[in-house]
Amino acid sequence: MKALILVGGFGTRLRPLTLTLPKPLVEFANKPMILHQIQALAAAGVTDIVLAVNYRPEIMTAALKKYEKEYNVRIEFSVETEPLGTAGPLKLAEKILGKDDAPFFVLNSDVICDYPFQELAEFHKAHGEEGTIVVTKVEEPSKYGVVVHKPGHTSRIDRFVEKPIEFVGNRINAGIYILNPSVLKRIDLRPTSIEQETFPAIVKDGQLHSFDLEGFWMDVGQPKDFLAGTCLYLSSLSKKGSKLLTPNSESFVHNGNVLIDPTAKIGKNCKIGPNVTIGPNVVVGDGVRLQRCVLLAGVKVKDHAWVKSTIVGWNSTIGRWARLENVSVLGDDVTIGDEIYCNGASILPHKSIKANVDSPSIIM
Amino acid sequence: MATLGVPHRQKKAGSKTTKAIILVGGPSRGTRFRPLSLDVPKPLFDVAGHPIIEHCFRAVTKVAEIKEVFLVGYYDESVFRDFIKDCSHNFPSVSVKYLREYQALGTAGGLYHFRDAIMKGQPDRIFVLNADVCCSFPLGQMLQLFEEKNAEAVILGTRVQQDAARNFGCIVTDAHTKRVLHYVEKPETYISNLINCGVYLFDTDCIFPAIRSAIKRRTERPRLFSYPSSENLDSYQSFADDEDGEKTEVIRLEQDIMSDLADSRQFFVLETKDFWRQIKTAGSAVPANALYLTKAFQTQSEELAKPSAVILPPVFIHPSATVDPTAKLGPNVSIGPRAHIGPGVRIKESIVLEDVDVKHDACILYSIIGWGSKVGAWARVEGTPVPISSHHTDILKGGVKVQSITILGKECGVADEVRVSNCVCLPYKELKRDVSNEVIM
C-alpha cells in the first residue's frame with residue numbers, strides 16, 4: 001500500500017522549536033512526529049510513503065534514510081516548487097500514488113491520534129466507493145468544518161458545513177483519508193484544497209464516506225496544542241497499560257502519565273506528573289516539580305525548579321528555583337537563570353534569560 | 001602636658017550635657033505601613049533582627065555623654081513597655097522614658113509640650129531622631145560639627161537624585177561653610193538635592209524659643225500657617241476643628257521651624273555619604289533590612305549567620321529559628337524567632353517574621369512574610385527588585401502602579417505551588433491560586 005504525508009512548509013507555528021529541527025523531526029512523546037506516522041503506516045502494510053514538502057532539509061533526508069531501513073518502507077520526497085495547497089501535492093505524486101489500483105492513505109503531518117489505518121482500509125474496501133475520511137467527535141463543532149451525513153445513512157457524506165452556527169453535527173475532518181487512485185483524476189496540478197474542492201466534488205457523486213475515529217485526536221501544530229496532545233497521548237498510553245510509562249509505584253511519579261527515556265536521570269525528592277515527557281540524557285536535579293511539560297533531549301533542570309505547561313527545547317538549562325509556566329517554549333540551548341520566572345515566554349535558541357518574563361512575550 | 005593644649009571651647013564642650021529624643025509617632029500615622037502595622041506598631045517592627053526603633057536607640061547609646069533618652073509619641077503607654085525594659089536591661093547606664101502625647105501635637109509641638117521633662121537638669125543640647133528613618137546615624141560627627149561651628153542647630157542631610165528631591169525637605173547650603181541658607185519642606189519646584197534626613201541636634205536655648213515663637217505666630221494667625229496637604233491633613237483637621245486653638249498647637253519641625261532656623265540661627269548641615277532611607281511604606285522595610293544587614297556585615301557583627309555555600313551574606317537568623325541545611329538564604333535576609341525553613345528553600349532580599357513555616361522547595365524573593373504565615377511546597381512569593389537609588393516602593397508594571405515588594409500580613413497561607421507576585425495580602429488570608437499585582441483584602 002501507499003501513503004502521502006502532507007508536511008508542507010517550515011512549521012512556523014511551532015517555532016522556536018522548528019528553528020532548530022524541521023517539524024516532522026521534533027519529538028512528540030520522545031519520538032519524532034513523523035516516526036509515529038511511519039510506524040503506524042508500516043504496521044498497516046504500507047510500503048511506499050511520499051512526503052509532500054515545499055523544502056527539503058538535509059537533516060530530514062538522513063533521518064528518513066534510517067527509517068526506510070528500520071521499517072522496510074520506501075520514503076520519497078515530493079518537493080513542491082510552489083505551495084500546492086492540500087490537494088495539489090497528491091497530483092504531484094501521481095506517479096507513485098497511481099502506480100497501481102490499490103487505494104492510498106493521505107494524512108496531515110500535524111495530526112496525532114491512534115492511527116486506525118488497518119480498520120480504515122477494511123472499511124474503505126467494504127463500501128467500495130472512491131474515498132473515506134476519518135472524522136472525530138468534537139465538543140465545539142462551531143470552530144471547524146462539520147461533516148453531515150445523508151439522511152438515514154451512517155457513513156455516506158451529504159455535505160460539509162464550515163464553522164456552523166447552528167448545530168448540524170459534531171464530527172469533523174480529522175485530516176486522515178484513504179482514497180482510490182481515481183481521485184487523482186479529479187485534481188489539477190495547481191494550488192488546490194482537498195477540503196474545499198476535491199471532497200465536495202466526490203460528495204456530489206455520493207462517493208465519499210466517513211469513518212469514526214476511536215479515542216483521542218489532536219492537531220499538534222502549535223505549542224499549546226502540542227502540550228494538550230501530549231496529555232492525550234500519554235493518557236491513551238496509560239489506558240492501554242503501556243509499559244513505556246514510568247510506573248506509579250515510582251516514588252516521584254505523581255498522578256501518572258509520565259514518560260521518561262531510560263537514559264534520563266532524576267534527582268531526589270522530585271514530584272513529577274501528571275503528563276510529563278522526559279527525553280534522552282535529560283538530567284533532573286533534586287526537589288524538582290514537573291507537570292504537564294515536555295523536556296526534549298539533553299535538557300538540564302537544576303534543583304528545586306518548578307515547570308508546568310512548558311516545552312523545554314533540546315540542551316536547555318533551567319536554573320535553580322526557576323519557575324516556568326503558561327505555555328513557555330524554550331528553543332535549543334536556552335539558559336534560564338536561577339530564580340527566574342517565565343510566564344508564557346517563547347525563547348529563541350541560544351538565549352540566556354537573566355530577568356523575569358512576567359507576561360507572555362517572545363524573547364528574540 | 002597634653003591637657004594644657006586642649007582649647008577652651010572643646011574643654012567646655014566636654015562638660016556639656018546632651019539628651020536624645022526619638023519621635024515614634026502614633027497609631028494613626030503608620031497607615032502607610034499597613035498591613036504590617038495592623039499587628040505591630042511600626043517602630044517595633046523587626047528589620048535586620050531588631051525593632052526599627054532599636055536601631056535608633058543603639059546609635060544614641062554610642063554617644064557616651066547621652067544618659068537620658070525620651071521616646072515621644074501618642075501610642076498607648078503599654079506599647080513600648082517591653083522595649084524600654086529590654087533597653088534598660090541592656091544599657092543600664094542610659095535612662096529611657098516614654099512621653100505620651102494624648103493628641104497629635106506635631107513633631108515640634110510634642111517636644112515643646114514635654115519641655116519640662118526634657119529640660120530637667122538643664123541639658124545644653126538635644127538630639128531629635130525620627131524613628132522611621134533608616135541610616136547609620138552619624139551622631140558623633142554631628143556633635144563634632146556642632147562644636148566646630150559653635151552651632152545652634154545641626155541637621156543631617158543626604159544627596160538624592162534630582163527628581164526624587166521634591167518628596168523631601170530640601171536644604172540649600174553654603175558649600176564652603178556648610179551653613180543652611182534656606183529650607184523648604186517638599187517644594188513644588190526643584191530647590192536642592194540635599195535633603196533632610198530627619199535627624200537633628202539642637203541647642204536647647206535655640207530650639208524651645210524657636211518653637212515658642214512659631215506657636216505664637218500660629219495663635220495670632222492660625223489659618224495662614226499649617227495649610228493642608230495629603231501629608232498633614234489629619235493633624236491639620238484636628239487643629240482646625242478644635243476651638244481651643246492655643247492648647248492644641250500642631251507644630252512640625254519640618255514645616256514650621258526649619259525655615260526660621262535657616263533665616264536667623266547658626267544652623268549647619270552634616271552631609272552623610274552613608275546610606276539613608278525612609279521607612280514609610282511596609283515595602284520600605286525590605287531595603288531598610290538590607291541596609292542595616294549590610295552595615296552589620298561590614299562591622300563584622302557576631303549576630304549574623306556565618307557565610308557558606310548556602311548562606312550568601314548578610315543573613316540574620318534568629319537563634320530560635322530552624323533552617324534546613326539544604327535551604328539557601330541571602331543576601332539581605334532576616335529570619336525571625338521560631339521560623340521554620342524547610343529543605344531546598346530559597347530566600348533572597350526578604351524578611352521572614354516570627355513563627356513562619358516555609359515548606360520544602362519554596363522560593364521567596366523581595367518579600368515580607370508576616371507572623372505565623374505558611375508558605376507551601378514549591379510556592380513562589382515574589383516581589384520585584386527596585387534600583388538601589390530609588391526611594392519608592394511602587395513600580396510600574398504594564399502601565400499600572402503596583403507594590404514592588406510582596407507582603408503577606410499575619411497568619412496568611414500560600415498553598416503548595418502557588419505563585420504570589422507583587423501583592424499585598426491583609427492578615428489571615430489563604431491564597432490558593434496564583435495572584436499578581438493585587439491587594440488582597
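In case you missed it, the structure is sitting above this.
Nothing here was measured: the structure is a model prediction, and the numbers come from that model. (Residues numbered from 1 in each chain as written. Chains lettered and ligands numbered in written order. Predicted model: local features only at pLDDT ≥ 70, side-chain atom pairs only at ≥ 80, totals over all residues. Heavy atoms only, no water.)

1. Some words on the environment of Ser37 of chain B
With respect to the helices and strands, Ser37 of chain B occurs in the loop between strand E1 (18-25) and strand E2 (46-47). Taking the C-alpha atoms as reference points, Ser37 of chain B and Pro27 of chain B, ten residues apart in sequence, are found 8.1 Å from one another. (Helix = DSSP H or I, 4+ residues; strand = E, 2+ residues; numbered from the N terminus.)

2. Section: the packing of aromatic side chains
Evaluated as defined, the whole model comprises 17 aromatic pairs over all chains. Arranged with centres 5.5 Å apart and planes meeting at 75°, the rings of Phe168 of chain B and Trp276 of chain B form a pair that is edge-to-face. Residue Phe168 of chain B is located in the loop between strand E8 (153-159) and strand E9 (169-173), and its partner Trp276 of chain B is located in strand E13 (residues 276-278); the two are separated by 108 residues in the primary sequence. Comparing Phe168 of chain B with Trp276 of chain B shows no difference in burial state: the two are buried. Three or more aromatic residues joined by ring pairs form one cluster here, namely Phe28, Phe216, Phe226 and Tyr233 of chain A. Lying over the aromatic face of Tyr341 of chain A, Arg419 of chain B brings its terminal NZ or CZ to 3.1 Å of the ring centre. (Phe/Tyr/Trp six-rings, centres within 6.5 Å; stacked < 30°, edge-to-face > 60°. Buried < 20%, exposed > 50% of the residue type's maximum accessible area, 1.4 Å probe, protein only. Lys NZ or Arg CZ within 6 Å of the ring centre and 35° of its normal.)

3. Topic: the pattern of salt bridges
Taken as a whole, this structure holds 42 salt bridges over all chains when the rule is applied. A salt bridge links Arg58 of chain B to Glu54 of chain B; its shortest N-O distance comes to 2.8 Å. Of this pair, Arg58 of chain B and Glu54 of chain B both sit in helix H3 (residues 52-61), four residues apart, roughly one helical turn. Here Arg58 of chain B falls in the partly exposed class, since its relative accessible area comes to 30%. A relative accessible area of 13% places Glu54 of chain B in the buried class. Put simply, Glu65 of chain B and Arg125 of chain B hold a salt bridge, and the shortest N to O gap is 2.9 Å. Residue Glu65 of chain B is found in the loop between H3 and strand E4 (66-73), and its partner Arg125 of chain B is found in strand E6 (residues 125-130); the two are separated by 60 residues along the sequence. Judged by relative accessible area, Arg125 of chain B falls into the buried class, the value being 1%. Overlapping salt bridges, with partners in common, bring together Arg13, Lys23, Asp110 and Asp219 of chain A in one network. (Salt bridge = Lys/Arg side-chain N within 4 Å of Asp/Glu carboxyl O.)

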